[in-house]
Amino acid sequence: MAGAGAIGCFAGGLLAAAGLPVTLLCRPRTAEEVRAHGLTLTDFTGMAQRVEAEDIGLATDPARLGRADIVLVTVKSPDTAAMARLIADHAPASARIVSLQNGTENAGTLAAALPGHDVRAGMVPFNVVPMGQGGFHRATSGDIVIAAGPGALARTLSVPHLPVTESAQLQRVLWGKFLINLNNALNALSGLTLQDQLRARDWRCLLADQWQEGLAVLRAGGARPLSTTPLPVGLIPWVLRLPTPVFARVAAPMLTVAAQARTSMAQDLMAGRRTEIDALQGQVVRMGARHGVPTPISAMVVDVVETAELAGQGLPNLPVSALRAAI
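Below: a short report on this structure.

About the thresholds
Residues numbered from 1 in each chain as written. Predicted model: local features only at pLDDT ≥ 70, side-chain atom pairs only at ≥ 80, totals over all residues. Heavy atoms only, no water. Phe/Tyr/Trp six-rings, centres within 6.5 Å; stacked < 30°, edge-to-face > 60°. Helix = DSSP H or I, 4+ residues; strand = E, 2+ residues; numbered from the N terminus. Buried < 20%, exposed > 50% of the residue type's maximum accessible area, 1.4 Å probe, protein only. Lys NZ or Arg CZ within 6 Å of the ring centre and 35° of its normal. Pairing = 2+ DSSP bridges. Axes fitted to C-alpha atoms, helices over the stretch in contact; angles between N-to-C directions. Contact = heavy atoms within 4.5 Å. 1 Å grid on protein atoms, 1.4 Å probe; cavity = no way out; pocket = protein on both sides within 12 Å on 5 of 7 lines; lining within 4 Å. Points joined across faces, edges and corners; volume = space filled by probe spheres on them. Nonpolar A, V, L, I, M, F, W, Y, C, P; charged D, E, K, R; others polar. Disulfide = S-S within 2.5 Å. Arc of directions from axis to C-beta.

The next subject is the packing of aromatic side chains. Following the criterion strictly, the structure yields two aromatic pairs and no others. For the ring pair Phe-10 and Phe-126, a centre distance of 5.9 Å and an interplane angle of 65° mean the geometry is edge-to-face. Taken together, the residues span a long stretch of sequence, with Phe-10 in helix α1 (residues 6-17) and Phe-126 in the loop between β7 (119-123) and β8 (128-132) at a distance of 116 residues. Under the relative-accessibility criterion, Phe-126 is labelled buried at 5%. Residues Trp-175 and Phe-178 carry aromatic rings whose centres are separated by 5.5 Å and whose planes lie at 80° to one another, so their mutual orientation is edge-to-face. Separated by three residues within a single helix, Trp-175 and Phe-178 lie in helix α6 (residues 170-181), roughly one turn from each other. Like Phe-178, Trp-175 is buried. If you follow Arg-138 out to its NZ or CZ, it ends over the ring of Phe-126, 5.2 Å from the centre. In this structure, Arg-204 packs its charged tip against the face of Phe-247, placed 4.2 Å from the ring centre.

Moving on, we come to the sheet that holds strand β9 (residues 135-138). The strand order across the open sheet built from four strands is β3-β2-β9-β8, with neighbouring strands paired in mixed fashion. Looking at the sheet topology across the chains shown, the edges are occupied by β3 (48-51) and β8. Within this sheet the neighbouring strands show an average axis-to-axis angle of 20°, counted without direction. Pairing analysis gives four bridges linking strand β2 (residues 39-43) to β3, with the strands arranged antiparallel. What sits directly across from Leu-41, in β3, is Gln-49. Those strands touched by α1 are β2, β3, β8 and β9, and its axis lies near 100° from that of β2.

Of the pockets and cavities examined, the second largest pocket occupies roughly 520 Å³. Residue lining of the second largest pocket: 19 residues in total, with Pro-21, Val-22, Thr-23, Asp-69 and Ile-70 positioned closest to the centre. At the level of secondary structure, the elements contributing two or more residues to the lining of the second largest pocket comprise β1 (23-25), β5 (70-73) and α5 (153-157). Of the residues in the lining of the second largest pocket, the class split is 13 nonpolar, three polar and three charged.

Enumeration according to the criterion identifies zero disulfides in this entry. Free cysteine: Cys-9, not disulfide-bonded; nearest cysteine sulfur from Cys-26 at 6.2 Å.

Another aspect to go through is helix α2 (residues 28-37). Listed as buried for α2 are Thr-30, Ala-31 and Val-34. Projected down its long axis, α2 shows its buried positions confined to an angular sector of 100°, all on one face. Opposite its buried face, α2 presents the exposed residues Arg-29, Glu-32 and Ala-36, each directed more than 90 degrees away. Where α2 is buried, its residues touch α1, β2 and β4 (57-59).

Rendered as structure tokens:
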């Protein structure tokens with residue numbers, strides 16, 4: 001796992017629990033936490049797995065990539081190019097590379113820096129919450145999907161509690177997840193848990209407007225997002241705007257999230273880390289400018305998130321009315 005944070009520790013831990021040889025390439029702080037506590041992996045269904053520290057490899061030196069057969073990249077989007085250089089410098093030419101990251105451009109960045117490698121895009125639909133002391137909790141549902149390719153890579157990576165499938169339409173799947181990920185920033189700005197945010201109609205209406213703006217930009221650019229939910233992408237804004245009691249019945253799967261779940265961008269702001277706003281709303285703004293589609297909501301969200309990053313005060317806890325007024 002190259003750049004093991006919450007997703008890397010959770011997925012890597014389940015792979016190790018299934019008996020696969022796994023090394024987490026991670027920051028010293030994460031390595032120290034896992035050495036001290038091992039990994040405790042749980043999810044909203046009641047799944048619980050324990051991985052002792054001695055049963056999983058831990059490394060902070062990228063030279064450890066020289067032993068890798070498969071490299072699962074889980075760094076934040078802004079760090080993809082730097083990780084690609086490390087892989088190019090240290091990993092064997094035979095290593096297969098899979099991007100398990102948010103955004104739609106990371107696999108392309110990796111492939112450009114790693115000619116000759118089998119580089120695959122991947123989509124991780126679920127959210128993982130760091131619980132401290134080596135605990136990581138999967139708070140939402142869904143299975144990992146990777147791009148189709150030679151060999152049986154998905155079969156190799158599929159283990160109990162972590163099924164992996166392949167898709168010949170992975171780019172369309174990534175665009176569908178991209179639209180869902182536009183809520184990362186809204187959830188972070190709200191200060192609410194995902195459950196509370198999705199039960200608040202004013203936040204859902206803002207998300208619906210953001211979704212329509214993003215979808216218009218993607219369609220103008222020729223992208224055809226494939227829904228990662230049972231609902232077609234074009235229907236989701238209508239469903240989001242329904243009265244809450246009706247929404248709760250129609251969109252029950254969207255509410256299958258752990259009570260404490262927040263998006264990764266909320267976790268980043270709480271920890272004082274750089275966010276992935278440039279790879280999400282930032283990309284909508286850039287594509288909108290390229291194709292002549294106005295993107296006032298995305299531009300506002302980029303501005304407010306970047307301001308929150310600079311402030312370094314954690315979650316802004318903004319009301320919807322403040323964001324509407326800033327559009």
